[in-house]
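If you want the building blocks of each chain, they are given just below.
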Amino acid sequence: MSRSSDVEIRLVNWGRWSRQGARAGGTSPLYALMLENGSVVVGGSDPGDVDPKDAEAMERLIVRRCGQGEREMLIMLFVRGLSRGKICHEFNIPRRRLEAVLDHIFNNLGAIDV
């Protein structure tokens with residue numbers, strides 16, 4: 001498994017943890033802040049199995065290593081479950097630009113061990 005797919009698996013876990021926290025009163029501080037500012041709506045599928053320790057570590061890593069726009073993209077993709085096409089529309093960017101940004105984020109998040 002590549003480093004990028006490892007990061008993506010961890011981000012899926014983080015997204016589930018964030019959604020679960022939204023229903024339970026707010027586990028993810030980053031997601032709670034976005035909710036408070038009206039940037040997201042609570043929704044999504046069943047949270048499934050979650051590794052809370054890894055999700056919390058990923059949350060800290062995202063806050064430290066990603067800019068505001070990158071965090072918003074991650075929330076749209078992994079928490080809200082929006083399609084990549086919808087994210088491109090929201091940011092008014094072509095698909096190849098979104099893929100380049102996501103590759104950059106995944107590399108940045110996978111560059112250090114948590």
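Residues numbered from 1 in each chain as written. Predicted model: local features only at pLDDT ≥ 70, side-chain atom pairs only at ≥ 80, totals over all residues. Heavy atoms only, no water.

Novice: How do you make sense of the overall build of the chain when you look at a structure like this?
Specialist: Per the secondary structure count, the chain includes six helices and zero strands. Secondary structure elements of the chain, listed N to C terminal, follow the sequence α-α-α-α-α-α. In the chain, buried positions account for 39% of the 114 residues. Taking the contacts inside the chain whose residues are at least 6 apart along the sequence as the reference set, 67% of them involve residues at least 24 apart. Accessible surface for the chain amounts to roughly 6300 Å². Of this, 48% is attributable to carbon and sulfur atoms. (Helix = DSSP H or I, 4+ residues; strand = E, 2+ residues; numbered from the N terminus. Buried < 20%, exposed > 50% of the residue type's maximum accessible area, 1.4 Å probe, protein only. Contact = heavy atoms within 4.5 Å. Areas by Shrake-Rupley, 256 points an atom, 1.4 Å probe, with all protein chains shown as cover.)

Novice: Can you help me understand the confidence of the model for the chain in this one?
Specialist: A low pLDDT score tells you not to read the predicted coordinates there in detail. For the chain, mean pLDDT is 82; residues scoring 70 or higher make up 70% of the total. When the criterion is pLDDT under 50, residues 40–47 qualifies, and its contacts beyond four places in sequence or with other chains add up to 22 contacts. (pLDDT = per-residue confidence, 0-100.)

Novice: Please explain the packing of helix 5 (residues 84–91) against helix 6 (residues 95–110) as it appears in this structure.
Specialist: For any two helices packed against each other, one specifies the inter-axial angle together with the distance between the axes. Across the interface, helix 5 lies against helix 6 with an axial gap of 9 Å and an inter-helix angle of 100°. Classified by the angle between their axes, helix 5 and helix 6 sit roughly perpendicular to one another. Touching Arg84, Gly85, Ile87 and Cys88 of helix 5 are Arg95, Leu98, Glu99 and Leu102, all from helix 6. In terms of residue class, the contact of helix 5 with helix 6 is built from four nonpolar, one polar and three charged. (Axes fitted to C-alpha atoms, helices over the stretch in contact; angles between N-to-C directions. Parallel < 35°, antiparallel > 145°, perpendicular 65-115°, else oblique. Nonpolar A, V, L, I, M, F, W, Y, C, P; charged D, E, K, R; others polar.)

Novice: What is the right way to look at unusual backbone geometry in this model?
Specialist: If a residue is not glycine, its phi is most likely negative; likewise, a peptide bond is most likely trans. At Asn92, a position not held by glycine, the phi torsion is positive, near 55°. Secondary-structure assignment places Asn92 in the loop between helix 5 and helix 6.

Novice: Is there a simple way to think about the nonpolar core in this case?
Specialist: By size, the foremost hydrophobic cluster in this structure holds 25 residues, and its most contacted members are Leu11, Trp14, Ile62, Leu74, Ile105 and Leu109. No other element matches the seven residues that helix 4 (residues 68–79) contributes to this core. (Core = buried A, V, L, I, M, F, W, Y, C linked by side-chain atoms within 4.5 Å.)

Novice: Can you walk me through helix 3 (residues 52–65) in this structure?
Specialist: Structurally, the α-helix is built with 3.6 residues per turn, so residues lying three or four positions apart point the same way. Counted at 1.5 Å a residue, the expected span for helix 3 with its 14 residues is 20 Å, and the 20 Å between its end C-alpha atoms agrees. Along helix 3, the residues that are buried comprise Asp54, Ala55, Ala57, Met58, Glu59, Leu61 and Ile62. (Expected span 1.5 Å × (residues − 1).)

Novice: Would you mind going over the packing of helix 4 against helix 5 with me for this structure?
Specialist: Between helix 4 and helix 5, the least distance of the axes is 10 Å, while the angle of their chain directions is 145°. When the axes of helix 4 and helix 5 are compared, the crossing they make is right-handed. Facing helix 4, whose interface residues are Gly69, Glu72, Met73, Met76 and Leu77, helix 5 presents Arg84, Ile87, Glu90 and Phe91. Looking at side-chain class alone, the contact of helix 4 with helix 5 contains five nonpolar, one polar and three charged residues. (Left-handed = near helix turned anticlockwise from the far one by under 90°.)

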